[in-house]
Amino acid sequence: ENAMNISQLVSRTYEKLDGGNTTFWTTAEVINNGLNPAARLLAMHKLDMIIRRVALTIAIDQCFYDLRTSGTTDIVKLNRVVVGDDTTDPATPSQGKLYRLRPAKVIGLQTRGEWLLKRQPFPTNYWRYGLYWFGIYPRPTITHTITLVYSGIPAVMGTGVESSNTETDIPESWTSLLPEV
């Protein structure tokens, strides 16, 4: 549950800085140079603070996936990959199956020879390459829904009046630390 909105976080930060005086720092400076970096540092230190799930549709013969196309650019750590839609409760199987994929490394897959050409109905492994590339092995011969469960970074807090009452996506138990950082 998220209890603090952005204006409350700014007020607490002003109290920590100089007893509530807003003469030296604008709200935009407090958010852009204080709260946003503090939230990112906290999320990188406490990886299970923000857990997100995204379902991707993997087409026939698609073994590479650019995560930027799904808006998933905030991954700090990929926790698990599931064949099926695990974003709902209960989870929805894909093609009648619901199971976890095992992690693999590209260098390990390369030792299997012609690994990119291998095809079968259900993938068994996943791999990451760089920040935004995700892949599955072997190439699926049927379309699947795959869910990525990952540790993410918090969304950037806005500085405008319209965003001042917006709640952060940081859990309530951690928001009190942001002005301290």
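The structure this text deals with has already been given above.
These numbers come from a predicted model, not from an experiment.

Assigned secondary structure in the protein chain consists of 4 helices and 10 strands. Counted from the first residue to the last, the protein chain has its helices and strands arranged as α-α-β-β-β-β-β-α-β-β-β-β-β-α. Taking 181 residues into account, the globule formula puts the C-alpha radius of gyration at 16 Å, and the protein chain, at 21 Å, lies well above it. Overall, the protein chain is about 65 × 35 × 25 Å in size when its C-alpha atoms are taken along their principal axes. The buried share of the protein chain, reckoned over its 181 residues, is 36%. Sequence separation of 24 or more characterises 66% of the internal contacts of the protein chain that already satisfy a separation of 6 or more. For the protein chain, the computed accessible surface area is about 10000 Å², with 52% contributed by carbon and sulfur atoms. Of the charged side chains in the protein chain, 18 are positive and 17 negative; the average position of the first set lies 15 Å away from that of the second.

Our next topic: the pairing of strand S7 (residues 125-129). Summarising the sheet, strand S5 (residues 102-103) and S7 pair through 2 bridges and their orientation is parallel. From the neighbouring strand, Pro103 faces S7, where its bridge partner is Tyr126. The sheet contact formed by S7 and strand S8 (residues 133-137) spans 5 bridges and is antiparallel. By the bridge assignment, Trp127 is partnered in S8 with Gly135. Two successive antiparallel strands, S7 and S8, enclose a turn made up of 3 residues, where Gly130 displays a positive phi of approximately 70°.

About the cut-offs
- Residues numbered from 1 in each chain as written.
- Predicted model: local features only at pLDDT ≥ 70, side-chain atom pairs only at ≥ 80, totals over all residues.
- Heavy atoms only, no water.
- Helix = DSSP H or I, 4+ residues; strand = E, 2+ residues; numbered from the N terminus.
- Rg over C-alpha atoms; globule rule 2.2 N^0.38 Å.
- Buried < 20%, exposed > 50% of the residue type's maximum accessible area, 1.4 Å probe, protein only.
- Contact = heavy atoms within 4.5 Å.
- Areas by Shrake-Rupley, 256 points an atom, 1.4 Å probe, with all protein chains shown as cover.
- Lys, Arg positive; Asp, Glu negative; His and termini not counted.
- Charge placed at Lys NZ, Arg CZ, Asp CG, Glu CD.
- Pairing = 2+ DSSP bridges.

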